[in-house]
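For reference, the chains in residue letters:
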Amino acid sequence: MPLSYYIGMAIASISAQSNFALGAVVNATFGSIIELTFYITALIKGAREDNKCYEEVVKSALTGTLLGCVLFVPGLCMIIGGIKHQEQRFNSRSAGVGSALLFISVGGVFAPTLFSKVYGKMDLWKLYELLDKMVQTSISVRIATLFLTGQNDTMFYSDVRPLVYTVSILLPAAYVIGLIFTLKTHSHIYDIHISDCHVPGHHHSPVVHWSRWRAVIILIGSTLLMAACADLATEHISPILKEATVSQYFIGVTVLALIPELPELVNGIQFALLNNLSLSIEIGTCIAVQVCMLQIPILVLFSVFYPTGFVLIFSDLHLWACMFSVILMNYIFMDGKCDYFQGTALVMVYFILLAMYFFAPSPSGC
């Protein structure tokens, strides 16, 4: 929490001396460094121990981060900000750009999963035919079944791997285009601070805690320490996976996803209390976009150089939870204003999804 405080102060100083788009991008980027440190170390640990549970936990943590940034962070900021301010307004144009990027990123990340749902069943018929031939040649049904079960994922993933690599190249390219749009060609959209508009009974002026260079240095130092905490958490994750009585899906989407999000959550609440909800929303959207457009492609490309066994095919629960959350977020952000009731709706949906993960069985083999 102290590190979260210093990260929030540094982001506020940087944002106050530029625009909120740059502040949100900086906040999301340093948050991604923390999360990637945890994910990569967890995948390496799983590869060394030959334990697929680590991969499933990483996928659950990625999904939990996405759900938290789309539902929980903006929803909680709307509730806390709405208690102090009856109605809050935000930059609807910037929120629209973020929503478009989020739709592109979620569609790209889950494209291999949808591909597997459509064409994966076709491979099963080939496997059944091969099984029938093996049985006819007097090979034990049990040996044949074990052989085919072990080869099923490998055979199909070799077919979907080109799509995974294509998506992993296109998504970062789309993110770079989005950065050029938000920070260069159309930066004027983000120069509008809704909190600076004429809101009855409110007068806001940005607070600069530190100079820009001092804020950057403190931000880098705090991020490195947070990354060290994430690495330490990875070393102590084994007892949680082995002795937990709840679903490992639930552990991934809650504990392992929310701990790295603490700085973003604290920052979003601080900005919402200052009636600068635009920055709170932009922070959550930027992190969700970076999860899909940067973190996941980096994990895929990292597995090329270090065989971690990371397969970009998510469970149905992850797929539909993320799709529904993005659609709901886009509906809430449509009119450019909100209150505590809309924030409550987002948080309630988030808790309903958590209940689904809580009662869901653990991944197969874990």
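Residues numbered from 1 in each chain as written. Predicted model: local features only at pLDDT ≥ 70, side-chain atom pairs only at ≥ 80, totals over all residues. Heavy atoms only, no water.

### Quick look at the side chain of Thr41
Formally: Secondary structure elements are taken from DSSP: a helix is a run of H or I of four residues or more, a strand is a run of E of two residues or more, and numbering for both begins at the N terminus. Whenever two N or O atoms come within 3.5 Å, that pair is a polar contact, provided that in protein one can donate a hydrogen and the other can accept it, and provided that, for residues adjacent in sequence, both atoms are side-chain atoms.
Positionally, Thr41 belongs in helix 2 (residues 20-49). At 2.8 Å, the side chain of Thr41 and the backbone oxygen of Thr37 are in polar contact. A distance of 2.9 Å separates a polar atom in the side chain of Thr41 from the backbone oxygen of Phe38.

### Describing the confidence of the model for the protein chain
Low pLDDT marks regions whose predicted coordinates should not be analysed in detail. This is how the line gets drawn: Every residue carries a pLDDT, the predictor's confidence in it, which falls somewhere between 0 and 100. In this analysis, two residues are considered to be in contact whenever any of their non-hydrogen atoms come within 4.5 Å of each other.
In this model, the protein chain carries a mean pLDDT of 76, and residues with pLDDT of at least 70 account for 76%. Across the protein chain, element-level confidence peaks in helix 14 (residues 340-359) with a mean pLDDT of 90 and bottoms out in helix 5 (residues 111-136) with 64. Counting contacts from residues 138-155, a segment whose pLDDT is below 50, to residues more than four positions away or on other chains yields twelve contacts. Here residues 192-205 scores under 50 on pLDDT; set against residues more than four positions off or in separate chains, the count is 21 contacts.

### A closer look at helix 14
What counts here: Helix span, expected: 1.5 Å multiplied by one less than the number of residues in the helix. For every residue, the accessible area obtained with a 1.4 Å probe (protein chains only) is divided by the maximum for its type, and the residue is called buried under 20%, exposed over 50%, and partly exposed between those limits. Taking the helix axis as origin, the arc is that swept by the directions to the C-beta atoms.
Compared with an ideal rise of 1.5 Å per residue, which puts 20 residues at 28 Å, helix 14 spans 29 Å between its outermost C-alpha atoms and is within 8% of the ideal. For helix 14, the complete set of buried residues consists of Gln342, Gly343, Leu346, Val347, Val349, Tyr350, Leu353, Leu354 and Tyr357. The buried residues of helix 14 all sit within an arc of 155 degrees when viewed along its axis, so they share a single face. Relative to its buried face, helix 14 has exposed residues pointing more than 90 degrees away, namely Phe341, Ile352 and Phe359. Tucked inside the fold, the buried residues of helix 14 contact helix 3 (53-84), helix 9 (248-253), helix 10 (255-258), helix 13 (316-332) and strand 2 (337-338).

### As for the packing of aromatic side chains
As a reminder, the rule being used: The rule is short: rings of Phe, Tyr and Trp, with Trp giving its six-membered ring, pair when the centres are within 6.5 Å, and they are stacked under 30 degrees, edge-to-face over 60, tilted in between.
Taken as a whole, this structure holds nine aromatic pairs when the rule is applied. Taking the centre distance of 6.3 Å and the plane angle of 65 degrees together, the rings of Phe72 and Phe351 count as edge-to-face. With Phe72 in helix 3 and Phe351 in helix 14, this pair connects stretches of sequence that are 279 residues apart. Its relative accessible area of 42% is what places Phe351 among the partly exposed residues. Each residue in the set Phe72, Tyr350 and Phe351 is aromatic and connected to the rest through ring pairs, giving one cluster.

### Digging into the environment of Leu66
With respect to the helices, strands and loops of the structure, Leu66 is situated in helix 3. Exposure remark for Leu66: the relative accessible area of 4% places this residue in the buried category. When the C-alpha atoms of Leu66 and Ile287 are compared, they prove to be 7.8 Å apart, with 221 residues separating the residues in sequence. Apart from residues no more than four positions distant in its own chain, Leu66 is found in contact with Leu102, Val106, Ala288, Cys292 and Cys322.

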